[in-house]
Amino acid sequence: MDQPILQLVYSSRATEPFNSVQMEALLEGARRFNAEHDITGMLLYADGHFLQVLEGPQETVETLLARIDADPRHDHVRVLLRSQRAHRDFPDWHMAYHLVDEATRSTHPELAFFFSDDFSAEHFLPWSTPVGYLLLAFRAMSIQAPAA
Ligand SMILES: Cc1cc2nc3c(=O)[nH]c(=O)nc-3n(C[C@H](O)[C@H](O)[C@H](O)COP(=O)(O)O)c2cc1C
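Residues numbered from 1 in each chain as written. Predicted model: local features only at pLDDT ≥ 70, side-chain atom pairs only at ≥ 80, totals over all residues.

Enquirer: Can you walk me through the site of the ligand in this structure?
Expert: Around the ligand, the surrounding shell holds 16 residues, and the nearest of these are A30, F33, I68, D71 and R73. Contributing elements (two or more residues each) for the shell around the ligand: α1 (20-36), β3 (49-56) and α2 (58-69). At five residues, the largest contribution of residues to the shell around the ligand is made by α1. Residues belonging to the shell around the ligand are distributed by class as follows: eight nonpolar, five polar and three charged. (Near = placed C-beta within 6 Å. Helix = DSSP H or I, 4+ residues; strand = E, 2+ residues; numbered from the N terminus. Nonpolar A, V, L, I, M, F, W, Y, C, P; charged D, E, K, R; others polar.)

Enquirer: Explanation requested: the environment of A35 in the structure shown.
Expert: Structurally, A35 is set in helix α1. Counting along the chain gives 58 residues from A35 to W93, while the straight-line C-alpha distance between them is 8.9 Å.

Enquirer: I tried to follow the nonpolar core on my own but got confused; where do I start?
Expert: Proteins that are soluble and globular tend to have nonpolar side chains buried together. With 23 residues, the main nonpolar core has M42, L43, L44, V53, M95, A96 and L135 as its most contacted residues. Broken down by secondary-structure element, the contributors of at least two residues to this core are β1 (5-14), β2 (40-46), β3, β5 (96-99) and α5 (128-144). (Core = buried A, V, L, I, M, F, W, Y, C linked by C-beta atoms within 7 Å. Buried ≥ 20, exposed ≤ 12 C-beta atoms within 10 Å, placed from the backbone.)

Enquirer: Where do I start with the sheet that holds β3 in this structure?
Expert: Reading across from one edge, β4-β1-β3-β2-β5 is the order of the five strands in this open sheet, with mixed pairing throughout. Looking at strand neighbours, the two that pair on one side only are β4 (74-85) and β5, the edges of this open sheet. Strand-to-strand twist across the sheet, computed as the mean angle between neighbouring axes with direction ignored, equals 10°. Here β1 runs beside β3; their pairing, made up of eight bridges, is antiparallel. Considered in β3, the bridge of S12 is made with F50. Sheet contacts for α2: β1, β3 and β4; angle to β3, the most-contacted strand, approximately 155°. (Pairing = 2+ DSSP bridges. Axes fitted to C-alpha atoms, helices over the stretch in contact; angles between N-to-C directions. Contact = placed C-beta atoms within 7 Å.)

Below, the structure written as structure tokens:
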């Protein structure tokens, strides 16, 4: 029954800083589309940078990535990880969301390394394993405090 899914992780930079109203609007549209198209994942926002995990049927994920890439609300979209897998890391979230702010940084000092610079691809590319670690750490937070 389980079809292999594509999991894709990218980072990008907001062209203008997002406020909470703009983020809510983005998430509302994203979650509606994702629920209808079997897409799950997580979005992190830190100091004007995004890190997003998209999971779902390969073609759907690739098409969505192309749409997201063309979105003028951000640029510098760089794919960091792309893998075929049997199971999803975020099966319960049509798009979990975390704002990575000072509070997150102080309550999770073990993650400070990841935010010492930003989510820029230059920062993450040599660290694909830590990216996986980071995402799983936030998945644990999603389980503790459901984000979607
Ligand atoms: C950082 C970021 C993440 C996004 N994530 C999603 C998503 O998970 N699902 C989705 O449908 N749209 C997402 N969007 C919105 C799409 O880029 C796009 O605006 C939306 O799919 C509507 O596309 P359309 O204007 O071509 O119809 C995201 C946009 C940004 C800037």
